[in-house]
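So the chains spell out like this:
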Amino acid sequence: PRAPWASMEGALRHKARLSERDRRLLEALSASLQGRAAEAERTYRELLMVHPEDVEAWLGLGQTCVFHNQQRGRLITEARSAFEQVLELDPGNTTANLFLSYIAQLEGDIEESDRRIDESPRQTDFVHPRIVQAFRRQDRAAVEEALAFLRAAPDCVTYEAVRFVATLTSDF
C-alpha cells in the first residue's frame with residue numbers, strides 16, 4: 001500500500017529537475033490525492049491558462065471534480081466540460097470517454113452512457129462502467145464475467161465496483 005505514496009514522495013523530492021509544467025502537474029496530482037481539492041483544482045486551472053491544450057491537466061481537473069466535488073457541496077457533473085475538452089484534444093481518450101459515461105449515468109442519460117461504454121476498448125483499467133452496464137441491463141453473461149473479474153480483484157476494486165453498481169442502478 002505504501003508503494004504509490006513512496007513513488008509520489010520520491011517524485012516530489014526531485015521535482016526541481018522537472019519542467020515547470022510537469023512540476024505543477026505533479027503538485028496538483030499530489031494535492032488531489034491528499035484531499036486538498038481546492039488547491040488541486042486551482043493548480044490545474046492555472047496550468048490550463050498557460051497550456052490550454054494540455055490533456056493531462058484537463059484530465060486531472062476532471063478527475064479532481066469527480067472525486068472531490070460531492071464532499072465540497074458541488075456537483076460531480078461539473079467535470080463534464082473538462083472531459084469533453086480532453087476529447088476535443090484527444091478524440092480517442094478512453095479515460096475521458098469512460099468518465100463521461102459515468103457522468104451521463106449520473107445525469108440519467110443511459111443512452112449516452114451506453115454509447116460511450118460501447119465506443120471504448122474492452123480492455124481498460126477503468127472497469128466500473130462495464131460492470132454497472134452489465135448489472136443495469138441484467139445481461140447474465142456480462143454479469144457472470146463481471147463477477148469472475150471481481151472475485152480475482154483486490155478488495156478495493158471490488159468495493160468501488162459494488163459502490164458504483166449500487167449508486168448508479170439504485171439497487172441497494
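Throughout this document, residue positions are counted from 1 along each chain, in the order its sequence is written. For a predicted model such as this one, the threshold for reporting local features is a pLDDT of at least 70, and the threshold for listing and counting side-chain atom pairs is 80 or more; totals across whole chains, interfaces and linings nevertheless cover every residue. As a convention, hydrogens and water are excluded, and side-chain values are obtained from all of the structure's heavy atoms.

## So, the overall build of the protein chain
How we decide: Put simply, DSSP H or I for four residues or longer makes a helix, DSSP E for two residues or longer makes a strand, and each gets a number counted from the N terminus. The classification of residues rests on relative accessible area computed with a 1.4 Å probe and restricted to protein chains. Under 20% of the type maximum is buried, over 50% is exposed, and intermediate values are partly exposed. Any two residues whose heavy atoms approach within 4.5 Å at even a single point are treated as in contact. To measure how exposed things are, a 1.4 Å probe is used in the Shrake-Rupley method; for residues, cover is taken only from the protein chains shown.
Within the protein chain, the secondary structure is distributed over ten helices and zero strands. Ordered by position from N to C terminus, the α and β elements of the protein chain give α-α-α-α-α-α-α-α-α-α. The burial tally for the protein chain puts 42% of its 172 residues in the buried class. Across the protein chain, every contact between residues at least 6 apart in sequence was considered, and the portion connecting residues at least 24 apart equals 43%. Accessible surface, the protein chain: about 10,100 Å² in total, of which carbon and sulfur atoms supply 54%.

## Side note on the side chain of His128
Spelled out, the test is: Any pair of nitrogen or oxygen atoms within 3.5 Å is treated as a polar contact; in protein, a donor-acceptor pairing is required on top of that, and neighbouring residues in sequence qualify only through side-chain atoms on both sides.
The topology assignment puts His128 in helix H8 (residues 128–137). We classify His128 as buried; its relative accessible area is 12%. At a separation of 3.4 Å, a polar atom in the side chain of His128 contacts the main-chain amide nitrogen of Ala161. Every residue in contact with His128, bar those within four places of it in the chain, is listed here: Val157, Glu160, Ala161 and Phe164.

## What about helix H4 (residues 55–68)?
Inclusion rule: The span one expects for a helix is its residue count, reduced by one, times 1.5 Å.
The end-to-end C-alpha separation of H4 is 20 Å, in line with the 20 Å expected for 14 residues at 1.5 Å each. Every buried residue belonging to H4 is among Ala57, Trp58, Leu59, Gly60, Leu61, Gly62, Thr64, Cys65, Val66 and His68, and all of these are buried. Buried-residue contacts for H4 involve helix H2 (20–33), helix H3 (37–50), helix H5 (80–89) and helix H6 (94–106). Capping the start of H4, Asp54 holds a side-chain oxygen 3.1 Å from the backbone nitrogen of Glu56, two or three residues further along.

## Regarding the packing of H4 against H5
Helix-helix packing is characterised by the crossing angle of the two axes and by the distance between the axes. What counts, and what does not: All axes here are fitted lines through C-alpha atoms, helices being fitted over the stretch that makes contact, and every angle between N-to-C directions spans 0 to 180 degrees. Angle categories: roughly parallel below 35 degrees, roughly antiparallel above 145, roughly perpendicular from 65 to 115, and oblique for all the rest. Crossing handedness follows the turn of the near helix against the far one: under a right angle anticlockwise gives a left-handed crossing, and clockwise gives a right-handed one. Put simply, Ala, Val, Leu, Ile, Met, Phe, Trp, Tyr, Cys and Pro go in the nonpolar bin, Asp, Glu, Lys and Arg in the charged bin, and everything else, Gly too, in the polar bin.
Running from N to C, H4 and H5 cross one another at 155°; their axes reach a closest spacing of 8 Å. Here H4 is positioned roughly antiparallel relative to H5, judged by the angle of their axes. In this structure, H4 crosses over H5, and the sense of that crossing is left-handed. Contacts between H4 and H5 pair Val55, Trp58, Leu59, Leu61, Gly62, Gln63 and Val66 from the former with Ala82, Phe83, Gln85, Val86 and Leu89 from the latter. When the residues that make up the contact of H4 with H5 are grouped by side-chain class, the tally is nine nonpolar, three polar and no charged.

## Things to note about the environment of Leu89
Structurally, the position occupied by Leu89 is in helix H5. Linking Leu89 and Val55, residues 34 residues apart in sequence, is a C-alpha distance of 6.8 Å. The residues contacting Leu89, other than those within four sequence positions of it, are Pro52, Glu53, Asp54, Val55 and Trp58.

## Comments concerning helix H9 (residues 140–152)
How we decide: Of all possible arcs, the one meant is that of the directions from the helix axis to the C-beta atoms.
The terminal C-alpha atoms of H9 lie 19 Å apart, and with 13 residues this matches the ideal 18 Å at 1.5 Å per residue to within 8%. For H9, the set of buried residues is Val143, Ala146 and Leu150. Mapping the buried residues of H9 onto a view down its axis gives an arc of 65°, with all of them on the same face. Looking at H9, the residues exposed on the side facing more than 90 degrees away from the buried face are Ala141, Arg151 and Ala152. The opening residue of H9, the one whose side-chain oxygen lies 3.2 Å from the backbone nitrogen of Ala141, is Asp139.

Don't take any of this as a statement about function, it's just geometry.
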